[in-house]
Amino acid sequence: MTDPRSHKHSSKQRPVLGLRQNLGQFTLLIAVNALVGGTLGQERTILPLLASDIFHLDRYTSALTYILAFGLSKAAMNYFAGTLSDRYGRKPVLLAGWLAAVPVPFMLIYGQDWAWIVGANVLLGISQGLTWSTTVMMKLDLVGPSLRGLAMGLNEAAGYLGVAATALATGYLASAYGLRPVPFLLGAVFIALGLGLSVVTLRETRGHSLVEARAHVDAHVHAHGGLTDLQVFTLTSFRDRSLSAVSQAGMVNNLNDGLAWGLFPVLFAGAGLSLGHIGLLAAAYPAMWGVGQLFTGAASDRWGRKWLIVAGMFTQAVGLGITAASHGFGPWLAAAVLLGLGTAMVYPALLAAIGDVSHPAWRARSVGVYRLWRDGGFAVGALLSGLLADVYGIPAAIAAVAAVTAASGLLVALRMRGNDHAPR
């Protein structure tokens, strides 16, 4: 006769899908991702000014090498985060990401050569690729298929509100205490808190994806559960209409984010704005991005991903166009709000769209491939915008990226399927 107590114990250990059922762990992951965003936000206001004021880099292509280094290392780690998470579990990859971030604030504080700043951004990219990718995968694991958009909206809102709050705080700290060291001490605190929370409170979630896999219905004949790493890469990048459309839109989205990160503070400083005002503008864009995702992720569950992504790309293009054509705090603030709103419409819908098509057996790898392309946009944006700004000036570089963003939205409209989010 079976002991009922042992049955009760085993059922308690079985993973259960759903936001309500996993609310405690989901909330902790929200807090962890806010700290991941804060770790990135320590650079948004300060590093472009550090390049010009401390290291006296007079060419934009040279100054933006830190974004190039960040984008390349983060893109590569996104890919490996998916593969490693499927092989070893989510939590070990998350912890490795936090450990990679530990030296970053100290390299930014004490670096006496620009190579130290570039090196710090290689480590920061490794950290962000491992930590942010893993929090995405863990939330997708926990909630199951019905609330992916909401889960991604909450995840990305937490991360980019962390970016925004830290960009704002570091701007004011820099105006009071200088560009170094005080603003970067905030990043050191975030890293310590994130590592501690991840070690002590978070549990492995890979078992939840295995539960979901048992009831999963393939999106189409090529999206079955037995794909190899190469097949996942080619399907996500090129072969599947929706996945490939999402991947290129993600790359263009972060191309214009790399432009905003690297050149906006320089443009604003050249117009004579104070550090406080520059920090406010640097924070307004990710703040709107973060807050908007509290609503747009759930909206994509209700209304679908495709047209929200298309509208978001065009809204970003308008915001960039206003930035290029304007001069002064007021118009630039309005443009930052539009840019953030457009990004909020796009970001969680793109991630949720990956989850709609991919099989739970290789979803982490597909997310990794998508984020490889998406964060490769930082590197493309640093090169493209730096070269254009050196030759034609910053406004022309911004206008060119606005045109590329609009073209990306048109490609999504033409290529992406419209019904992948429907329950299966």
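Because the structure is predicted, anything quoted here is derived from the model rather than measured.

Rules and cut-offs
Residues numbered from 1 in each chain as written. Predicted model: local features only at pLDDT ≥ 70, side-chain atom pairs only at ≥ 80, totals over all residues. Heavy atoms only, no water. Helix = DSSP H or I, 4+ residues; strand = E, 2+ residues; numbered from the N terminus. Rg over C-alpha atoms; globule rule 2.2 N^0.38 Å. Buried < 20%, exposed > 50% of the residue type's maximum accessible area, 1.4 Å probe, protein only. Contact = heavy atoms within 4.5 Å. Areas by Shrake-Rupley, 256 points an atom, 1.4 Å probe, with all protein chains shown as cover. Lys, Arg positive; Asp, Glu negative; His and termini not counted. Charge placed at Lys NZ, Arg CZ, Asp CG, Glu CD. Salt bridge = Lys/Arg side-chain N within 4 Å of Asp/Glu carboxyl O. Polar contact = N/O pair within 3.5 Å; in protein donor to acceptor, adjacent residues only side chain to side chain. pLDDT = per-residue confidence, 0-100. Phe/Tyr/Trp six-rings, centres within 6.5 Å; stacked < 30°, edge-to-face > 60°. Lys NZ or Arg CZ within 6 Å of the ring centre and 35° of its normal.

Quick word on the overall build of the chain
1) Next: Per the secondary structure count, the chain includes 18 helices and zero strands.
2) Next: Over its C-alpha atoms the chain spans a radius of gyration of 21 Å, differing by no more than 12% from the 22 Å that the globule rule assigns to 424 residues.
3) Next: Projected onto its principal axes, the C-alpha positions of the chain cover 80 × 45 × 35 Å.
4) Next: The buried share among the 424 residues of the chain stands at 57%.
5) Next: Residue pairs at least 24 apart in sequence account for 87% of intrachain contacts in the chain once pairs closer than 6 positions are excluded.
6) Next: Only carbon and sulfur atoms are counted for the fraction: they give 69% of the accessible area of the chain, which is about 15600 Å².
7) Next: Of the charged side chains in the chain, 29 are positive and 19 negative, and the gap between their average positions amounts to 9 Å.

Quick word on the environment of I394
1) Next: Looking at the secondary structure, you find I394 in helix 18 (residues 394-415).
2) Next: Placed 70 residues apart in sequence, I394 and A324 show a C-alpha to C-alpha distance of 7.8 Å.

Concerning the side chain of K91
1) Next: Along the polypeptide, K91 turns up in helix 6 (residues 90-101).
2) Next: Although K91 lies buried, it forms no salt bridge, and the closest oppositely charged side chain, E204, sits 7.9 Å away as judged by the N-O distance.
3) Next: Among the polar contacts made by the side chain of K91, one reaches the main-chain carbonyl oxygen of S198 at a distance of 3.5 Å.
4) Next: Polar contacts involving the side chain of K91 include one to the main-chain carbonyl oxygen of V199, which spans 3.1 Å.
5) Next: In contact with K91, not counting residues within four places along its chain, are S198, V199, L202 and E204.

A word on the confidence of the model for the chain
1) Next: Mean pLDDT for the chain: 89, with 93% of residues reaching 70 or above.
2) Next: Note on residues 1-11: pLDDT is under 50 here. Beyond four places in sequence and across chains, it has zero contacts.

Description of the pattern of salt bridges
1) Next: Going through the model one piece at a time under the given rule, you end up with 12 salt bridges.
2) Next: Here D356 ties to R148 by a salt bridge, and the two come within 3.4 Å at their closest N and O atoms. Of this pair, D356 sits in helix 16 (residues 329-357) while R148 sits in helix 9 (residues 148-177), and the two are 208 residues apart along the sequence.
3) Next: For R148, a relative accessible area of 5% corresponds to the buried category.
4) Next: Between R305 and D356 there is a salt bridge, with its nearest N and O atoms 2.7 Å apart. Of this pair, R305 sits in the loop between helix 14 (275-303) and helix 15 (306-325) while D356 sits in helix 16, and the two are 51 residues apart along the sequence.
5) Next: By relative accessible area, R305 is classed as buried at 4%.
6) Next: By relative accessible area, which is 1% here, D356 ends up buried.
7) Next: Residues joined in a network through salt bridges with shared partners are D86, R90, D141, D229, R363 and R365.

Some thoughts on the packing of aromatic side chains
1) Next: The full count for this structure, using the stated rule, is 18 aromatic pairs.
2) Next: Aromatic pair Y160 and Y347: ring centres 5.4 Å apart, planes at 85°, arrangement edge-to-face. In this pair, Y160 sits in helix 9 while Y347 sits in helix 16, placing the two residues 187 residues apart along the sequence.
3) Next: Residue classification places Y160 among the buried positions, given a relative accessible area of 2%.
4) Next: Ring geometry for F238 against W373: centres 6.1 Å apart, planes inclined by 75°, an arrangement best described as edge-to-face. With F238 in helix 12 (residues 229-239) and W373 in helix 17 (residues 363-392), this pair connects stretches of sequence that are 135 residues apart.
5) Next: For F238, a relative accessible area of 48% corresponds to the partly exposed category.
6) Next: Accessibility expressed as a relative area gives 27% for W373, which makes it partly exposed.
7) Next: A cation sits over an aromatic face here: K139 above F26, 5.9 Å from the ring centre.

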